[in-house]
Amino acid sequence: MCKVPGGIVLKRFRPEQAFFEKEALEYPLGKRMHTFLQKHSIPITIIPSHNRVTGIPGANPMEAYRNAKRTIVVGIKRTMELDICKPSANYQFSLSTGCVGGCHYCYLQTTMGKKPYIRIYVNTDEIFDNLNQYIEKRAPRLTFFESSSSSDPVGVEHMTGSLKKAIEFFAKSKYGRLRIVTKFAQVDSLLDIHHNQHTRFRFSLNSDYVIRNFEQMTATLEERIEAAGKIAQAGYPLGFILAPIMHYEGWQDEYSYMLSHLSKTLANTSVKDLTFELIQYRFTKAAKNIILERFPNTKLDMDESNRKYKWGKYGRGKWVYPDEKSKELDQFIRQQIKEKFPAARVQYFT
Ligand code: SF4
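Residues numbered from 1 in each chain as written. Predicted model: local features only at pLDDT ≥ 70, side-chain atom pairs only at ≥ 80, totals over all residues. Heavy atoms only, no water.

### With respect to helix H2 (residues 61-68)
Phase 1: Those residues of H2 that fall on the buried side of the exposure criterion are Tyr65, Asn67 and Ala68. Within H2, the buried residues cover an arc of 165° as seen down the axis, which keeps them to one side.
Phase 2: Among the structural elements, strand E5 (71-75), helix H3 (108-111), strand E10 (118-121) and helix H10 (285-294) are those in contact with the buried residues of H2. (Buried < 20%, exposed > 50% of the residue type's maximum accessible area, 1.4 Å probe, protein only. Helix = DSSP H or I, 4+ residues; strand = E, 2+ residues; numbered from the N terminus. Arc of directions from axis to C-beta. Contact = heavy atoms within 4.5 Å.)

Here it is, written out as C-alpha cells:
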C-alpha cells in the first residue's frame with residue numbers, strides 16, 4: 001500500500017527499494033520481478049546473497065522498521081527442510097517471508113527480529129518439488145501445509161503470482177493440501193483458477209476497533225468480508241481466524257456486528273464446512289519491548305498487572321487475559337458463532 005498525491009491510499013503494496021540476489025535473475029519469477037521494479041522506477045541494489053542485506057536507513061528503531069517494511073529482497077530459497085506446524089498443519093513452507101502489513105502486535109516482530117523486510121523467493125518450482133517429497137513420504141495420508149507462518153502471501157501476490165501457482169500445484173496433488181491465512185483482500189486473481197478444493201482460505205478478522213488501531217496497511221473489515229464472500233463463491237473451503245480477540249469497552253457489540261455482517265455476506269454462498277479459530281490477545285516480554293520501540297504511541301494494552309502469566313514450552317511463557325475475562329471472551333464469541341453460523345465448527349479457543 002502506498003500514498004499518492006492527493007492522499008489517496010493505493011491498496012496494493014509497492015516497495016520503495018529492492019535488493020536483488022544476482023542469481024535470482026536466472027528464474028522466470030526473478031526476471032518478472034526485475035521488470036516490475038524497473039517499470040515502477042524502484043531503486044534496485046544487486047547483492048551476492050539475500051542474507052546480506054545492509055544499508056536500510058533509519059535514525060531510530062521506528063524509522064528503521066518503517067523503511068525495512070517498504071523494502072523487498074528477491075532471492076533464492078536454499079534451505080528446503082520444513083518445520084512442523086502444529087496444530088493447524090503438518091508442515092509450514094514459505095514463498096515469501098515478512099509481511100507488507102503493519103500490525104502492532106504481529107508475531108513477526110519477534111520472529112523476524114532485526115530483519116522485518118519482505119523476502120520473495122523466485123525458485124518456486126524447486127519449492128514445490130520439495131513439497132512433493134514430503135507428500136510422498138506420508139502418502140496415502142493427506143499432508144497439510146501452512147503457507148502463512150512467516151508471511152501473508154496475499155499481500156504480495158500482485159507482484160509475484162506465486163500463491164496462484166501454489167494453489168494450482170495443490171489442486172493437482174492427490175495427497176497434498178494447502179492452508180492460507182490472510183488479512184488482505186486482493187483475491188481476484190485467485191477466483192477463476194483450478195483449486196480442486198485442496199486449498200483452505202482462512203481470513204483473519206477482527207473488530208473494527210482492533211483493525212483501525214492495530215492493523216495498519218492491511219485490508220479493512222469490509223474489504224476482508226467482501227473478499228471472503230468472493231472466495232466462498234469460488235468454491236474454496238473457507239475458515240476464519242478471529243485473532244487477536246481483545247477485551248475492551250464495547251467489545252461485545254463490535255464482535256457481534258462483525259459476525260452479523262459476515263453472516264449476511266456468506267448467506268448468498270453455498271459455503272460448507274466453515275471453521276473458526278479463536279485466539280485471545282497475548283504478548284511476551286520480548287514482543288512488548290520491540291512493540292514499544294517501534295510503535296511508542298501504541299494503544300495496545302500490555303499492562304502485566306491486568307494479565308495472567310501462562311507458561312509455555314521451554315520455560316518461555318506469555319501474558320494472557322485472566323481466567324474470568326478469557327472465559328467471557330470464549331463463551332460470548334462461541335455463542336455468537338452458534339447463533340449466526342449454526343453449521344460452523346469452532347476448532348479451538350486459546
Ligand atoms: S497481516 Fe499478519 S503477518 Fe502481516 S503484519 Fe499483520 S499480523 Fe503480521
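From this point, the narrative continues.
### Considering the pairing of strand E3 (residues 17-21)
Phase 1: For E3, the buried fraction is high: 5 of the 5 residues fall into the buried class.
Phase 2: As paired strands, E3 and E5 are joined by 4 bridges and run parallel to one another. Within the sheet, the bridge partner assigned to phenylalanine 20 lies in E5 and is valine 74.
Phase 3: With 4 bridges joining them, E3 and strand E4 (residues 44-47) adopt parallel strand pairing. Looking across to E4, one finds that phenylalanine 19 is bridged to threonine 45.
Phase 4: The handedness of the E3 to E4 crossover, carried by helix H1 (residues 28-39), is right-handed. (Pairing = 2+ DSSP bridges. Right-handed = clockwise from strand over helix to strand, strands pointing away.)

### Some words on the site of the ligand
Phase 1: All residues adjacent to the ligand are Cys99, Gly101, Cys103, Cys106, Leu108 and Lys183.
Phase 2: Its residues assigned to classes, the shell around the ligand shows 4 nonpolar, 1 polar and 1 charged. (Near = heavy atom within 4 Å. Nonpolar A, V, L, I, M, F, W, Y, C, P; charged D, E, K, R; others polar.)

### Concerning H10
Phase 1: Along H10, the residues classified as buried are Ala287, Lys288, Ile291 and Arg294. The buried side chains of H10 occupy one side of the element, clustering within an arc of 140° when seen end-on.
Phase 2: Here the buried face of H10 lies against H2 and H3.

### What about the sheet that holds strand E12 (residues 176-182)?
Phase 1: Read from one edge to the other, the open sheet built from 8 strands follows the order E6-E7-E11-E12-E13-E15-E16-E19, with strand pairing classed as mixed. Whereas interior strands pair on both sides, the edge strands pair on one side only; in this sheet they are strand E6 (83-84) and strand E19 (345-349).
Phase 2: Here 5 bridges tie strand E15 (residues 238-245) to strand E16 (residues 275-280), and the two strands are oriented parallel to one another. Each bridged residue has a counterpart across the sheet, and for leucine 242 the counterpart in E16 is leucine 278.
Phase 3: Docked against the sheet, helix H6 (residues 162-172) engages strand E11 (143-146), E12 and strand E13 (199-205), running at close to 150° with respect to E12.
Phase 4: Docked against the sheet, helix H11 (residues 323-340) engages E15, E16 and E19, running at close to 170° with respect to E19. (Axes fitted to C-alpha atoms, helices over the stretch in contact; angles between N-to-C directions.)

### Quick notes on the confidence of the model for the protein
Phase 1: Summary statistics for the protein give a mean pLDDT of 93 and a share of 97% for residues scoring 70 or more.
Phase 2: Note on residues 2-10: pLDDT under 50 across the span, and 10 contacts to partners over four residues away in sequence or across chains. (pLDDT = per-residue confidence, 0-100.)

### Considerations on the packing of aromatic side chains
The geometry of an aromatic ring pair is captured by the separation of the ring centres together with the interplanar angle, meaning the angle of the planes.
Phase 1: Going through the model one piece at a time under the given rule, you end up with 19 aromatic pairs.
Phase 2: Considering the side-chain rings of tyrosine 209 and phenylalanine 214, the 5.8 Å spacing of their centres and the 80° angle between planes classify their relative orientation as edge-to-face.
Phase 3: We classify tyrosine 209 as partly exposed; its relative accessible area is 21%.
Phase 4: Judged by its relative accessible area of 1%, phenylalanine 214 falls in the buried class.
Phase 5: Geometrically, the ring pair formed by tryptophan 251 and phenylalanine 332 is edge-to-face, given 5.2 Å between the ring centres and 80° between the ring planes. With tryptophan 251 in helix H9 (residues 251-266) and phenylalanine 332 in helix H11, the pair connects residues that are 81 residues apart, well separated along the chain.
Phase 6: Aromatic ring contacts, followed pair by pair, group Tyr91, Phe93, Phe128, Tyr134, Phe145, Phe169 and Phe170 into a single cluster.
Phase 7: Seen from the ring of tyrosine 134, lysine 137 lies directly overhead, with NZ or CZ sitting 4.8 Å from the centre.
Phase 8: The ring centre of tyrosine 321 lies 4.0 Å from the NZ or CZ of arginine 307, which sits over that ring. (Phe/Tyr/Trp six-rings, centres within 6.5 Å; stacked < 30°, edge-to-face > 60°. Lys NZ or Arg CZ within 6 Å of the ring centre and 35° of its normal.)

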